[in-house]
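# Notes for the structure review
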Amino acid sequence: DAGITQSPRHKVTETGTPVTLRCHQTENHRYMYWYRQDPGHGLRLIHYSYGVKDTDKGEVSDGYSVSRSKTEDFLLTLESATSSQTSVYFCAISESQLAGDDNEQFFGPGTRLTVL
Amino acid sequence: EDQVTQSPEALRLQEGESSSLNCSYTVSGLRGLFWYRQDPGKGPEFLFTLYSAGEEKEKERLKATLTKKESFLHITAPKPEDSATYLCAVLGYGQNFVFGPGTRLSVLP
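Attention in this report is confined to the structure presented alongside it. Because the structure is predicted, anything quoted here is derived from the model rather than measured. (Residues numbered from 1 in each chain as written. Chains lettered and ligands numbered in written order. Predicted model: local features only at pLDDT ≥ 70, side-chain atom pairs only at ≥ 80, totals over all residues. Heavy atoms only, no water.)

Close approach of charged atoms lets side chains of opposite charge pair. Within this structure, the stated rule accounts for 8 salt bridges over all chains. With its nearest N and O atoms 3.1 Å apart, the salt bridge here joins A:Arg22 to A:Asp73. With A:Arg22 in strand E3 (residues 19–25) and A:Asp73 in strand E8 (residues 73–78), this pair connects stretches of sequence that are 51 residues apart. Here A:Arg22 falls in the partly exposed class, since its relative accessible area comes to 33%. According to the relative accessible area criterion, A:Asp73 is buried, its value standing at 8%. A salt bridge links B:Arg37 to B:Asp39; the nearest nitrogen and oxygen atoms lie 3.0 Å apart. Several salt bridges share partner residues, and in doing so they unite A:Arg22, A:Lys70 and A:Asp73 into one network. (Salt bridge = Lys/Arg side-chain N within 4 Å of Asp/Glu carboxyl O. Helix = DSSP H or I, 4+ residues; strand = E, 2+ residues; numbered from the N terminus. Buried < 20%, exposed > 50% of the residue type's maximum accessible area, 1.4 Å probe, protein only.)

Encoded structure:
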């Protein structure tokens, strides 16, 4: 299994509070991703990173920010959590995005976030 | 815009009853089509990558095939432990990874 951990694994918070989720990898992969998974929507990309301090928005980035100060860590922050951000959050990593070149993603175990 | 659809939404099989799952996609240049298995409460587990039409890959009871418009995941003589949600995703030149909604497979003993 790819070395990806997420913390915390479960969190309950209140509307309006800031929340930070952490993803840590031991694979030294260049790309890191944050997804949310909701019933009826499947996996949707929030933000991704293609290197230290290099990040970009995904499909559902509003209300979220990210940071990557080290290759192994990718943080997802909800500045002011809302009930619509209740979801399961997955971190993923990949070595490449080139065609035909080890571009598959490997996923972490997920963080279940509940915003009351 | 890259899109992925999967059918059926749910599939119930008897143990040993072979079947296929479908993943239809539209993408602006394919860099890879991916199949994942996801068990309840866990992250998706990588199964296969397919890069070009005509390519096939096998792993135990699973075989993935690819055409220019769709991919099939064939399950031969499934066992109850094959029960899971199977996800398909594409990586195109125009966008990042795009996932389908998944097919929930139940294999009854």
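Residue and element names in this part refer to chain A. Tracing the backbone through its elements, the reader meets glutamate 59 in the loop between strand E6 (54–57) and strand E7 (64–70). C-alpha separation for the pair glutamate 59 and threonine 26, spaced 33 residues apart in sequence, amounts to 27 Å. For glutamate 59, the contacting residues outside a window of four places in its chain are Arg44 and Leu45. (Contact = heavy atoms within 4.5 Å.)

This next bit is on the interface of chain B and chain A. Contact residues are listed per partner, giving 17 residues for chain B and 21 residues for chain A. Among the residues chain B hides against chain A, the three largest losses belong to B:Asn96, B:Phe97 and B:Phe99. Together they make up 33% of the total. Here chain B is connected to chain A by 0 salt bridges. Summed over the shared surface of chain B and chain A, the result is 5 residue pairs in polar contact (both at pLDDT 80 or more). Every element with two or more residues in the side of chain B that touches chain A is listed here: strand E4 (30–38), strand E5 (45–50) and strand E9 (84–92) of chain B. Take the side of chain B that touches chain A: its biggest share by element is 4 residues, from E4(B). Tallied by class, the residues present in the side of chain B that touches chain A amount to 10 nonpolar, 5 polar and 2 charged. (Buried area = accessible area lost by both parts, 1.4 Å probe. Polar contact = N/O pair within 3.5 Å; in protein donor to acceptor, adjacent residues only side chain to side chain. Nonpolar A, V, L, I, M, F, W, Y, C, P; charged D, E, K, R; others polar.)

What follows deals with the environment of A:His47. Residue and element names in this part refer to chain A. If you trace the backbone, histidine 47 turns up in strand E5 (residues 42–51). Taking relative accessible area as the criterion, histidine 47 reaches 7% and is therefore assigned buried. C-alpha separation for the pair histidine 47 and tryptophan 34, spaced 13 residues apart in sequence, amounts to 5.6 Å. Here the side chain of histidine 47 touches tyrosine 64 through a polar contact of 3.1 Å, landing on its backbone oxygen.

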